[in-house]
Each structure stands twice: as structure tokens, then as C-alpha cells.
Amino acid sequence: MANPISAQSGQSLAMPINRAEPHIMHIDLNSCFSTIEQQANPLIRNKPVAVAAYKHDRGVVLAASYEAKAMGIKLGTFVRDARQICPGIVVLMPDAAKYREAHKRFREVLLQYTSDVVPKSIDEFVINFEGSDALRQGRGLEVVGYEIKEQIKEHLGEYVTVNVGVGPNRFLAKLAAGLHKPDGLDVITHENLRDVLATVGLRDLPGINHRFEARLRAAGIGSPLDFFDADGKFLKNFVFYSKLGFYWQKRLHGWEVDNREFARKTIGHQYALQNKTSDRDELARLVMKLSEKVGRRLRHAGLQAGGLHLSIRFVKPGEAEHTEQYHPDLSWHEKGGFSGHRRYLYWQEGHKTPHPLYATQDIYVAAQRLLNKAVFADRVSQLSVTLYDLQPTNPEQLGLFEEQTLRQKRLATAADAANDRYGDFTVVPAIMANMHKVILDRVAFGGIRDL
Amino acid sequence: MRELINEEVSVVSYFSARKRLSLPHIVSWRNREYAVGKIGFHHTIRDGDILHHIYELVDGEEHLWMRLNLDTSNLHWKLEAISDGESD
């Protein structure tokens with residue numbers, strides 16, 4: 001009997017399975033931050049460990065060890081809740097330098113096999129073995145995968161385990177890597193593809209969140225196998241309402257659609273205030289420090305920005321911050337206004353500047369302007385400064401009328417050089433005096449460009 | 001429980017030419033000597049021009065975790081933190 005999902009579209013299932021030998025490997029480090037902490041401290045191995053933004057009750061768990069995950073502690077759990085669930089949990093603050101080093105060693109191991117290694121985040125990589133020595137020598141990627149696991153133990157430590165997935169495209173390799181966590185190794189080929197899809201749920205597919213799952217179910221697609229059998233045109237017209245439908249059909253059949261690199265669009269930095277405040281002078285100093293942080297990253301990347309966005313998150317009036325309660329009356333949002341998310345109230349606004357932003361001073365002035373405009377709903381719990389409309393910078397091409405800008409750029413470059421030599425925040429504007437270490441070194445899960 | 005110490009300590013270290021590794025061997029802190037057991041992680045950080053080597057290790061009896069910092073500008077060792085591996 002014809003598949004109703006394909007019959008609705010009036011087309012046959014034309015998409016063939018990619019029968020090529022799998023050559024893509026996806027590797028991710030198990031519970032990255034907490035595993036590295038357990039590697040560094042043998043006394044906390046095999047114990048529930050959480051790496052949290054802060055150790056106080058309202059700190060948020062960034063990574064939980066497998067022992068903690070087994071007790072229900074996961075990303076986003078508040079430290080207070082984690083301690084209630086597991087009174088013996090070891091809570092640690094993140095150590096960004098250590099995680100960067102682990103990422104670097106992880107990458108060095110993989111680069112021994114091929115140069116086509118792409119970091120997808122701090123703890124995951126995609127390796128394309130097409131044309132590699134390993135494949136030329138006829139070594140199967142399963143063997144190579146086990147060898148990499150051993151290499152990683154040698155270079156990062158005996159406690160570090162990784163999940164390895166091999167597939168004909170990036171999507172299936174990632175799916176394979178998630179099949180047997182922790183420390184798994186699975187290969188998806190054209191021969192076992194249907195069998196694998198029969199064992200997982202829709203949400204197990206990388207890229208399918210609860211929203212997409214709901215859409216798929218509403219269209220009569222209740223399992224990955226239904227999804228696999230669905231016609232691309234049906235997916236386009238009745239599920240995704242765009243060419244994404246065709247992309248999904250290709251992905252599921254092992255064809256590559258995810259080998260694109262996207263240009264960097266924004267550089268941002270955020271800071272969660274340990275002591276919530278509505279003191280504008282205090283907030284101005286924090287904005288200055290955030291401006292310096294994003295400014296240094298902007299200049300390091302050889303870019304300048306055409307606009308700046310300031311986001312201010314408030315403590316919700318009259319409520320504890322950890323509640324999940326949703327306020328429908330806070331859900332409106334317009335330029336420069338408030339927006340209500342599930343937990344917090346925000347004020348945010350973006351501003352395109354007449355001249356490109358490059359020096360910290362200019363970034364700060366633009367951010368401070370927005371801060372001055374902001375209406376405070378309550379004490380501020382989080383600030384973020386984001387630069388957008390990024391362009392490569394070339395000070396030499398500026399016109400004579402921009403001599404002032406050129407001077408500021410030279411000053412920023414000189415200050416960066418001094419800070420590189422003598423340590424971050426050695427040369428700072430006066431407003432940042434006595435603020436050393438107020439905004440901590442952090443590393444983002446997905447932020448690998450500045451590592 | 002992890003406790004911040006930030007005290008200079010005496011350290012005997014050795015360099016293995018065969019392994020091309022330089023590692024702390026004995027740590028002397030508050031009139032007690034600790035033989036270094038397992039080294040969990042070693043990484044470097046930069047404070048401006050100054051390179052610091054950070055060693056996270058446990059003593060030979062595996063009772064105490066230490067975080068040592070070698071400042072390469074003066075070759076001084078500092079014990080930054082200790083832990084017994086229990087929660088705070």
C-alpha cells in the first residue's frame with residue numbers, strides 16, 4: 001500500500017539511500033567540563049559533580065557528570081536544586097583555560113589522521129576522512145575510532161571518554177555518536193540505516209527539538225522511520241514550509257547537506273550579576289568591562305561592527321528567580337521595549353551606529369547610550385553586549401576625515417598590545433578601575449572561534 | 001571540600017629527558033611533605049607575557065588534591081587550592 005504521506009504529495013519516494021562507504025566521523029566528549037574536572041582531580045571521579053556558573057544557590061549547572069545526570073541533575077538545574085537532589089554533589093566553578101587546553105589537545109589528536117577536522121563546539125568535532133591515509137590503507141573507520149579513543153586517553157587523561165559515530169554524512173554520524181553514551185562507538189551504513197532509525201525516537205534525531213517533533217506528529221509522522229519514508233515535497237509543504245523539508249529528506253538518506261560554514265555574524269559577551277542591582281553607575285562599569293571584552297575579541301578577529309545590541313535581564317518583581325511560572329502579560333516585545341521569556345523580564349535594544357565600532361571607547365559610548373535609555377523594571381540580573389553587522393577592518397583605507405577614528409584605532413591596538421604583554425585589563429579606561437576579575441573568564445559550549 | 005590556599009610552597013621537581021616531561025615530585029607545605037601521586041591534568045595559562053604551568057595532582061596516598069602553579073618568570077611555586085574530594 002502506498003505511503004499516505006508520499007501519496008498526499010502525489011509523488012513517489014524518489015530519494016535513494018547514499019550507498020557510499022561511511023567516511024564522516026563525529027566525536028564528542030562525554031559531559032565535557034565535569035569529565036575534565038574529574039580527570040584533573042582523581043578524588044572526585046565516579047562521584048556526582050556539577051560545574052556551575054556560580055556555586056551559590058542560584059548558580060546554574062553548566063555540566064553534570066554522568067553520576068549526577070543519573071540522579072536527574074542536568075544542564076540548567078539550579079545549584080540549590082542540585083544540592084537538594086544530591087546533598088553530596090561536588091559543585092565547581094568553570095575553569096575556562098583548562099577546557100580550552102583540553103579542546104586543543106582533542107583537536108591535535110584528530111589532526112594526526114586528517115586535516116579536515118572541524119570543531120562544532122568546545123567538545124565536539126566532525127572529521128571528514130575522504131581521501132585520508134586511513135581509508136587509502138583500507139582501515140575501517142571503526143578501527144580508527146577505537147584508536148582515537150585510546151589516543152584521547154593518552155593525551156587528555158585516562159578518565160576521559162568520547163562518543164564516536166561514523167556515517168555517510170554529518171547528520172547520521174552525529175546520530176551514531178549518540179546511540180550508546182557514554183563511551184560508545186557506532187557506525188551507520190546504508191545497510192543498517194533503517195534498523196537504527198527503528199530504535200530511536202524523533203527527539204533523538206539531531207536537530208529535532210520538541211517544536212519540530214510537534215510539527216512532524218501533527219503531519220502524521222510519528223517516528224524516525226515515518227520521517228525517513230516521507231516524501232520531500234510533503235515535508236516541504238506540510239511540515240517545514242520551506243526547502244528545509246528537502247534537506248531533511250536528504251539528511252535522513254545519508255546525503256550531505258550540512259557541510260557549510262557560516263560566517264560570523266555577531267560577537268557578544270554576557271554577565272550574570274552575582275549581586276543584583278539597579279545602580280546605574282555600577283551597571284555602567286559592568287557595561288564598560290563587557291565593551292572591553294567584546295572589543296578585544298572584535299579586534300583580535302580583525303573586524304569592526306556596524307551596530308550594537310544591549311540586553312538587560314531583570315529579576316522578576318515579587319518572585320524568586322528560579323520559578324518556571326510564565327507571565328502572559330509580559331509577552332509583548334518591541335524595539336527598545338520589554339520582552340517576557342519563560343523566567344525573566346528583559347529590556348533590549350539594538351542600535352546601528354553612523355561610524356564603525358572598533359575601539360573599546362566607541363563600543364562603550366554606544367552601549368552606554370542604550371543603557372541610559374533603558375527603563376528598569378527591577379534590579380538587573382544579567383547584562384549582555386553584542387556587536388553585529390561585522391566587517392573586516394582595514395584602518396589604512398580610512399579617509400582623512402576619519403583621522404580621529406584612526407587615532408582611536410591605534411590607541412586600541414596599543415592598549416591591546418600592553419594587555420597581551422602584562423595581562424588582561426592592565427590598561428583600562430578610568431571607569432574600570434578596581435574592577436579586575438569582576439567579569440570572569442568563561443568559555444561557551446558553542447563558541448569555538450575565540451579558543 | 002575545595003579550599004583556596006595561595007601560598008608559596010617548596011617543591012622538588014624532576015625532568016625526564018626520555019619522556020621529555022618536567023613534573024613536581026615532592027611538595028612541602030606547612031611543615032609536611034607530600035609525595036606527588038597521580039597528576040590529573042597539566043595545562044598552561046598566560047598572564048600577559050608570563051607563562052604559568054598549572055598542575056592538578058593528588059598525593060601518593062590519594063587523600064589530598066592540590067593545584068600547583070609554577071610561575072615561569074621567577075620559577076616560584078604556589079599552592080593555589082586543595083581538596084579532599086568531598087562536597088562543600
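A. Local environment of the overall build of chain A. Assigned secondary structure in chain A consists of 16 helices and 13 strands. Across chain A, the fraction of contacts at a sequence separation of at least 24, relative to all contacts at a separation of at least 6, is 66%.

B. Looking closely at the overall build of chain B. Along its length, chain B carries zero helices and seven strands. Mapped from its N terminus to its C terminus, chain B presents α and β elements in the order β-β-β-β-β-β-β. By the compact-globule yardstick of 12 Å for 88 residues, chain B fits well, its C-alpha radius of gyration being 13 Å. Oriented by its inertia axes, the alpha-carbon framework of chain B measures out at about 35 × 30 × 25 Å. Looking at chain B residue by residue over its 88 residues, the buried ones come to 25%.

C. Focus on helix H14 (residues 280-300) of chain A. With 21 residues, H14 of chain A extends 30 Å between its outermost C-alpha atoms, agreeing within 8% with the 30 Å of an ideal straight helix rising 1.5 Å per residue. Backbone geometry just downstream of H14 of chain A places glycine 302 of chain A in the positive-phi region, at approximately 70°.

D. Structural context of unusual backbone geometry. Residue and element names in this part refer to chain A. Of the consecutive residues lysine 181 and proline 182, the connecting peptide bond is found in the cis state with omega at -10°. Mapped onto the elements, proline 182 comes out in the loop between helix H8 (170-177) and strand S8 (185-187). One non-glycine residue, tyrosine 241, lies in the positive phi region at around 55°. As for its placement among the helices and strands, tyrosine 241 is situated in the loop between helix H12 (232-240) and helix H13 (244-252). Given 11 C-beta atoms within a 10 Å radius, tyrosine 241 is considered exposed.

E. Up close: the interface of chain B and chain A. Taken together, the contact between chain B and chain A spans 17 residues of the former and 20 residues of the latter. Of all elements in the fold, only strand S4 (32-47) and strand S5 (50-59) of chain B reach the threshold of two or more residues within the side of chain B that touches chain A. Among the residues forming the side of chain B that touches chain A, the class breakdown is four nonpolar, six polar and seven charged.

F. Quick look at the pairing of strand S6 (residues 124-128) of chain A. All names here are of chain A. Among the five residues that make up S6, four are buried, leaving the element largely enclosed by the rest of the structure. With five bridges connecting them, strand S1 (residues 24-29) and S6 associate as antiparallel partners. Bridge pairing in S6 links aspartate 28 to glutamate 124. Pairing analysis gives four bridges linking strand S5 (residues 117-121) to S6, with the strands arranged antiparallel.

G. Focus on the sheet that holds S8 of chain A. Residues and elements named next belong to chain A. Taken together, five strands build an open sheet; the order of strands is S5-S6-S1-S7-S8 and the sheet is mixed. Two strands bound the open sheet, and with one partner strand each, they are S5 and S8. Taken over all neighbouring pairs, the strand axes of this sheet differ in orientation by 15° on average, direction set aside. By the bridge criterion, three bridges tie strand S7 (residues 162-167) to S8 in an arrangement that is parallel.

H. Structural view of the nonpolar core. Residues and elements named next belong to chain A. Membership of the largest hydrophobic core comes to 71 residues, with the highest contact counts inside it found for Met25 and Ala50. Sorting elements by how many residues they give to this core places H8 first, with six residues. Other than its neighbours up to four places away in sequence, alanine 50 contacts Ser34, Val61, Ala64, Ala68, Ile73, Ala82, Ile89 and Val91. In terms of nonpolar packing, the next biggest core, distinct from the first, is built from 31 residues, Met288, Ala305, Tyr358 and Ala366 among them.

I. Expanded view of the packing of helix H2 (residues 32-40) of chain A against helix H5 (residues 96-111) of chain A. All names here are of chain A. Across the interface, H2 lies against H5 with an axial gap of 10 Å and an inter-helix angle of 95°. Taken together, the axes of H2 and H5 are roughly perpendicular relative to one another. Each of Cys32, Phe33, Ile36 and Ala40 in H2 lies in contact with H5, whose residues at this interface are Lys98, Tyr99 and Ala102. Split into classes, the residues belonging to the contact of H2 with H5 amount to six nonpolar, no polar and one charged.

J. Examining the environment of valine 91 of chain A more closely. Tracing the backbone through its elements, the reader meets valine 91 of chain A in strand S4 (residues 90-92). Separated by 41 residues in sequence, valine 91 of chain A and alanine 50 of chain A place their C-alpha atoms 4.9 Å apart. Aside from chain neighbours lying at most four places away, what touches valine 91 of chain A is Ala50, Ala52, Lys55, Val79 and Ala82 of chain A together with Asp88 of chain B.

K. Spotlight on the sheet that holds strand S2 (residues 49-52) of chain A. Residues and elements named next belong to chain A. Spatial strand order, S3-S2-S4: three strands in an open sheet with mixed pairing. The two strands at the open ends of the sheet, each matched to only one other strand, are strand S3 (61-64) and S4. Between one strand and the next, the sheet's axes are offset by a mean angle of 25°, whatever the strand orientation. As defined by bridge partners, S2 adjoins S3 across three bridges and the pair is classed as antiparallel. Bridge pairing in S3 places valine 51 opposite alanine 63.

L. The arrangement of the confidence of the model for chain A in detail. Averaged over every residue, the pLDDT of chain A is 84; residues scoring 70 or more account for 83%. Contacts for the low-pLDDT stretch residues 7-12 of chain A, under 50 throughout, to residues beyond four places or in other chains number 10 contacts.

M. How the structure looks around the environment of glycine 307 of chain A. Residues and elements named next belong to chain A. Note that glycine 307 resides in strand S10 (residues 303-314). Distance from glycine 307 to leucine 390, taken between C-alpha atoms, is 8.2 Å for residues 83 residues apart in sequence. Beyond its immediate sequence surroundings of up to four residues, glycine 307 is in contact with Gly350, His351, Lys352, Thr353, Tyr388 and Asp389.

N. Structural view of the confidence of the model for chain B. Residue-level pLDDT values for chain B average 95, and 100% of them are 70 or greater. Of the two predicted TM-score estimates for the complex, the pTM is 0.76 and the ipTM is 0.96.

What counts, and at which threshold
Residues numbered from 1 in each chain as written. Chains lettered and ligands numbered in written order. Predicted model: local features only at pLDDT ≥ 70, side-chain atom pairs only at ≥ 80, totals over all residues. Helix = DSSP H or I, 4+ residues; strand = E, 2+ residues; numbered from the N terminus. Contact = placed C-beta atoms within 7 Å. Rg over C-alpha atoms; globule rule 2.2 N^0.38 Å. Buried ≥ 20, exposed ≤ 12 C-beta atoms within 10 Å, placed from the backbone. Expected span 1.5 Å × (residues − 1). Nonpolar A, V, L, I, M, F, W, Y, C, P; charged D, E, K, R; others polar. Pairing = 2+ DSSP bridges. Axes fitted to C-alpha atoms, helices over the stretch in contact; angles between N-to-C directions. Core = buried A, V, L, I, M, F, W, Y, C linked by C-beta atoms within 7 Å. Parallel < 35°, antiparallel > 145°, perpendicular 65-115°, else oblique. pLDDT = per-residue confidence, 0-100.

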